[in-house]
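Here is what each chain is made of, one letter per residue.
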Amino acid sequence: MIAAETRPQEDLHSVWEGVLEVIQQNTTPQTYNTWFAPTKLLSDDEKTLRINVPNNFFAEWLESHYSKLISNAVLQHVGEQRKVRFVPRDSKPVNSAYHPLDWKSEPAGNQKPLHTDALYSTRINERYTFENFIVGDSNNFAYAASRAVAESPGETKYNPLIIYGGTGLGKTHLIQAIGNYSVRKKPGTRVYYASSETFTTHFINSIQENKASEFSAFYRSCDILLLDDIQFFAKKGKTQEEFFHTFNDLQQNKKQIVLTSDRPINELNGLEERLLSRFNSGLVVDVQPPDFETRLAILRNKCDESGLEIPADVLEYLAVNLTSNVRILEGALTKIMAQVTFTAAEPTVELARTIATEIAPPDKNNLSIDLIMTYVAKSFQLPIDQLRAKTRKREIVKARQAAMYLAKKLTNHSLITIGLHFGGRDHTTVIHSLENVGQRLKEDPIFAQKLQAMEKHLEYNR
Ligand code: ADP
Ligand code: MG
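Residues numbered from 1 in each chain as written. Chains lettered and ligands numbered in written order. Predicted model: local features only at pLDDT ≥ 70, side-chain atom pairs only at ≥ 80, totals over all residues. Heavy atoms only, no water.

Peer 1: Which parts of the structure should I look at to understand the sheet that holds strand E5 (residues 191-195)?
Peer 2: Each strand in a sheet pairs with another by means of backbone hydrogen bonds, the pair being arranged parallel or else antiparallel. Strand order in the open sheet made by the 5 strands is E5-E6-E7-E4-E8, with parallel pairing throughout. Every interior strand has two partners, whereas the edge strands, E5 and strand E8 (283-286), have only one. With direction set aside, neighbouring strand axes in the sheet form an average angle of 15 degrees. With 4 bridges joining them, strand E6 (residues 224-228) and strand E7 (residues 256-261) adopt parallel strand pairing. If you follow Leu227 over to E7, its bridge partner there is Leu259. Sheet strands in contact with helix H6 (residues 196-208) are E5 and E6, and its direction is about 95 degrees off that of E5. (Pairing = 2+ DSSP bridges. Helix = DSSP H or I, 4+ residues; strand = E, 2+ residues; numbered from the N terminus. Axes fitted to C-alpha atoms, helices over the stretch in contact; angles between N-to-C directions. Contact = heavy atoms within 4.5 Å.)

Peer 1: What am I meant to see in the nonpolar core here?
Peer 2: Note on soluble globular proteins: their nonpolar side chains tend to be buried together. Ranked by internal contacts, the top residues of the largest apolar core, which has 30 residues, are Ile372, Phe380, Leu406, Phe422, Leu451 and Met454. Only helix H14 (369-379), helix H16 (394-410), helix H17 (415-421), helix H18 (427-443) and helix H19 (445-460) provide two or more residues apiece to this core. The element that contributes the greatest number of residues to this core is H16, accounting for 9 residues. If we ignore the near neighbours within four places in the chain, the residues touching Leu451 are Ala402, Tyr405, Leu406, Val437 and Leu441. Judged by nonpolar contacts, the second largest core, of 25 residues, contains Phe203, Phe215, Leu227 and Phe233. (Core = buried A, V, L, I, M, F, W, Y, C linked by side-chain atoms within 4.5 Å. Buried < 20%, exposed > 50% of the residue type's maximum accessible area, 1.4 Å probe, protein only.)

Peer 1: Help me understand the site of ligand 1, please; the structure alone is not making it clear to me.
Peer 2: Neighbouring ligand 1 are 17 residues; Ile134, Gly168, Thr172, His173 and Glu330 lie closest to it. Taking Ile134, its main chain carries an N or O atom lying 2.8 Å from a nitrogen atom of ligand 1. A distance of 3.1 Å is found between an oxygen atom of ligand 1 and a backbone nitrogen or oxygen belonging to Leu169. If ligand 1 stood free it would expose 560 Å²; the protein chains cover 92% of that surface. Among the elements of the structure, helix H5 (171-185) and helix H12 (326-343) are those that each provide at least two residues to the shell around ligand 1. Among the residues making up the shell around ligand 1, the classes are represented as 6 nonpolar, 8 polar and 3 charged. (Near = heavy atom within 4 Å. Polar contact = N/O pair within 3.5 Å; in protein donor to acceptor, adjacent residues only side chain to side chain. Areas by Shrake-Rupley, 256 points an atom, 1.4 Å probe, with all protein chains shown as cover. Nonpolar A, V, L, I, M, F, W, Y, C, P; charged D, E, K, R; others polar.)

Peer 1: Explain the pattern of salt bridges here, please?
Peer 2: Pairs may arise between side chains of opposite charge once their charged atoms sit close together. Under the counting rule described, the total for this entry stands at 15 salt bridges. Across the salt bridge formed by Arg220 and Asp249, the nearest N and O atoms sit 3.6 Å from each other. Of this pair, Arg220 sits in helix H7 (residues 212-220) while Asp249 sits in helix H8 (residues 237-252); the two residues are 29 residues apart in sequence, bridging distant segments of the chain. Exposure remark for Arg220: the relative accessible area of 25% places this residue in the partly exposed category. (Salt bridge = Lys/Arg side-chain N within 4 Å of Asp/Glu carboxyl O.)

Peer 1: Where do I start with the pairing of E5 in this structure?
Peer 2: Most of E5 sits inside the fold, with 5 of its 5 residues counted as buried. Residues Val191, Tyr193 and Ser195 of E5 are buried on one face, and the alternating residues Tyr192 and Ala194, pointing to the opposite face, are buried as well. Taken together, the 5 bridges between E5 and E6 define a ladder with parallel strand orientation. What sits directly across from Tyr192, in E6, is Leu225.

Peer 1: Is there a simple way to think about the packing of aromatic side chains in this case?
Peer 2: We describe a pair of aromatic rings using the distance from one ring centre to the other and the angle between the two ring planes. Scanning the model with the defined rule gives 19 aromatic pairs in all. Relative to Phe218, the ring of Tyr192 lies with its centre 4.8 Å away and its plane at 90 degrees, an arrangement referred to as edge-to-face. Here Tyr192 is found in strand E5, whereas its partner Phe218 is found in helix H7, with 26 residues between them in sequence. In terms of burial, Tyr192 and Phe218 fall into one category: buried. Aromatic ring contacts, followed pair by pair, group Tyr192, Phe199, Phe203, Phe215, Phe218, Tyr219, Phe233, Phe243, Phe247 and Phe279 into a single cluster. (Phe/Tyr/Trp six-rings, centres within 6.5 Å; stacked < 30°, edge-to-face > 60°.)

Listed below in C-alpha cells is the structure:
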C-alpha cells in the first residue's frame, strides 16, 4: 500500500475506478449505469473514500441498497476495508467532527474542546435557505420574522421566535435557513440546531455519563439555539427544567432562541406554565398550508433546481390535488422525476395521478423514536437503557436492531438521528443493523412474525 501523499493523482482516481470495475462485474448494466456511472472520487485518506454523487436522493439510495456490494468491491480491490461516504453534489459534506454524544466515546482526559466554532453548525442542512423558500400568504409573516432574526440575532424583540404549524409546512426549513444565513453573514457565529428529541437524548446521556455540566456549558455557549419540535418536551419534567435554565441563560445574555412547534403555544399540554409564559414573551408566528399559487411555485422551483422539464399540466395536477403538506407535494414530484429519469416513463398527468394516489399520506411524524424504543424494549422484556448501551449480548442486539428497523420504517428520521437515539451510534451501524434484520426476517419466521406484530401495534397506536 502506498501512502496517499506520495501517490500520484492518477492513482488516486484509479482507486475508485478499480472498485467500480469490480462493481460492474457484480451487477446488471442497468444498475451500474444508473447508480454507479455518475459517481466520482473526491478524496481518499486511506480510511475513508469520499464519493461525489449527483444528489441526496442518490446518496441515500446507494447507502440503503448497495452498501454490501460496495464494501465487498472495496475489499476485493483495495485489499482492506475502507469507509465509503457519499457526498451529494448539491450540498457540502456534513461535518460530523463533533457531537455532544461523542463525549461517550472520548477517553477520559482527552475531551474535545467545547468552544470551537466548527462544532456548532454541524446539524444544519445547507439546502434549507431563504432563497429557495417560496413565500406566499400562508407563510410570509413567519418568513419575515425569520429573516429579521437571522439579520440581527438576539437584537430584535423576537426572542424567542416561535414558529408553529402543521407537519410538512416548512418549519424546519425556515429555522435552518436562519442558521445558514447567520453563519454566512457572520462566519464564526455559533449556531446549534437540534430537535427537542435530540436535546432530550443529550440531556439524559449527559446525566448518565456524569457530564451534566458539559451539557449545560455547551448549550449555553450558543449564539443562536435552534430547537425544533418542542412539543416533544411535553411531560418530560427534568428535561423541561434543564431547558428552562438554558433558555433563561441564553435570553439574559442576548443570545437568540428560535423554536418550532406543531401546535399553538396554548395547546402545548404537558409543558410547564413558567416555560409557556417565557415563550409568550417573544414572537409567535404560524405557517399555514400554502395556497394553490404557492404550491405551484414550490413545484416549479424544484423543477428548476433539478434541471428536469416537467409539463405544466402535471405540476398543476399535483398542486390541485396535494394540498395539505409541502413534504408530500415535493415527494410526489420527486417520485415522478425518479421514474422519468430511471425508467424513461413519460411525465404525464396519468403518471401524476397514479403517484398522487399511491402517496396516501401516512403521517409518520406522530410516532417518535422514543416511543418505538419503549415499546420494543417492553416486548423483549428488557430495560430501555439496554437499547442504548454498548453491550453485544445476543438477545439485546436482536432487540436493538429490531427497534432501529422499526424506527427507520415508521418515522421520517434520518439514519444519523436514529443512531443518536441508540446511544450515539454511527449511521453506518444503523445501516448494518437494518441489513441484519433484513437477513433475519428471511431466516427466522418467528422473529418475522414478532416484528410484524410490533409494527402493526405501533402503526395502529401512533
Ligand atoms: P415541517 O418542519 O414544518 O414539518 P419542513 O420544513 O420539513 O416541514 O418542510 C418539508 C419539505 O417541504 C422540505 O423539503 C421543505 O424544503 C419544503 N418546503 C416547505 N415549505 C416550503 C416553501 N414555502 N418553499 C419551498 N420549500 C418548502
Ligand atoms: Mg420539521
